[in-house]
Amino acid sequence: MVARYDLTTDLDLQDQLLTVRRGTAFWHRKVGELNDAELDGDTLLSGWNRRHLVAHVGYNARAISRLVYWANTGIETPMYSSPEDRNREIELGATMPTRALRHLNDHAAVSLNVEWRDTPAEKWENIVRTAQGRQVPLSETVWMRTREVWLHAIDLDNGARFSDVPISVLERLLGDITGAWRNRGTDPGFAIEVTGRPDLGVSGAGAGEASATSIQGSLSAVVSWASGRDTTALTVGRNIQPPRWL
Ligand code: ZN
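Residues numbered from 1 in each chain as written. Predicted model: local features only at pLDDT ≥ 70, side-chain atom pairs only at ≥ 80, totals over all residues. Heavy atoms only, no water.

Caption draft 1: View of the environment of Asp 157. Locating Asp 157 in the fold gives a position in the loop between α5 (140-155) and α6 (167-184). Along the chain, Asp 157 and Thr 231 lie 74 residues apart, while their C-alpha atoms are 15 Å from each other. (Helix = DSSP H or I, 4+ residues; strand = E, 2+ residues; numbered from the N terminus.)

Caption draft 2: Representation of a negative patch on the surface. A cluster of like negative charges, contributed by Asp 10, Asp 12, Asp 15 and Glu 125, occupies part of the molecular surface. Here Glu 125 is to be found in the loop between α4 (98-117) and β1 (127-129). (Patch = residues over 30% accessible without salt bridge, like charges linked within 9 Å, V, L, I, M, F, W, Y side chains within 5 Å. Areas by Shrake-Rupley, 256 points an atom, 1.4 Å probe, with all protein chains shown as cover. Salt bridge = Lys/Arg side-chain N within 4 Å of Asp/Glu carboxyl O. Lys, Arg positive; Asp, Glu negative; His and termini not counted. Charge placed at Lys NZ, Arg CZ, Asp CG, Glu CD.)

Caption draft 3: Representation of the coordination of the zinc ion in the model. Coordination of the zinc ion by the protein comes from His 56 (NE2), Glu 148 (OE), Glu 148 (OE) and His 152 (NE2), over a distance range of 2.1 to 2.7 Å. All donors of the zinc ion come from a single chain, and their spacing in sequence reads H-x91-E-x3-H. You can see Glu 148 and its partner His 152 sitting in helix α5, 4 residues apart, about one turn around the helix. (Donors = N, O, S within 2.8 Å, 3.2 Å for Na, K, Ca; no water.)

Caption draft 4: Structural view of the nonpolar core. The biggest cluster of nonpolar side chains holds 43 residues, and the ones touching the most others in it are Trp 27, Trp 181 and Trp 225. For this core, the secondary-structure elements that each account for two or more residues are α1 (11-32), α2 (50-73), α4, α5, α6, β3 (190-194) and α7 (219-226). With 7 residues, α6 is the single largest residue contributor to this core. Residues from two domains meet in this core; each of domain 1 (11-160) and domain 2 (167-226) gives at least three. Leaving out residues up to four positions away in the same chain, Trp 27 has contacts with Leu 53, Val 54, Val 57, Asn 105, Val 149, His 152, Ala 153 and Leu 156. Within the second largest apolar cluster, 21 residues are counted, among which are Trp 70, Ala 108, Val 128 and Met 144. (Core = buried A, V, L, I, M, F, W, Y, C linked by side-chain atoms within 4.5 Å. Buried < 20%, exposed > 50% of the residue type's maximum accessible area, 1.4 Å probe, protein only. Domains from an automatic or database assignment. Contact = heavy atoms within 4.5 Å.)

Here it is in structure tokens:
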């Protein structure tokens, strides 16, 4: 029997599933606003036009579905067989007929949603491996996909902005990004302050240091900068290049 509701009873996870569904709907709305000719246009990601990006987001849903299968069955099914294969798939996908590309995007997202929904409560803690080689519980894939759909909707460059992204997603992104810099030791000493959000404190390796490199702006401006995208909304630090994140 097919469930019409999530099988997980974890309230936090249910909340995250709601956020990823909102993000997925947002992503599909932005893709739907583009006519076929506009799909040939550039994205904010260098080297990728919108067809590459739509193919990537579609194949990403399929790759995450493989992790859902892995957690549910115990049969190891990695996201991609290799980074080269992942890139080849995107290059090929970008040349597909437009209808097929849109179908891939829609269908892959619908199946992923169904697979998450039908995952029993006890399977969500099962460990899977991301494309970067991290071992994570299946529940982490909801956040992985959340990042993809919100950020790439902005990368489509047809009107989505960081201010459209839910606050909870922006907060978690900022924590992820500064955490990744800390783990790699690539933060040169930033003191990042979010305007109007003293509760977030100062983040970055330079927090509390007199010699810190100051970055200031609204939450959406700071996350836009930290994720390597537009910096113009910052109030302080616009010319400062952030380290790589992913
Ligand atoms: Zn991506």
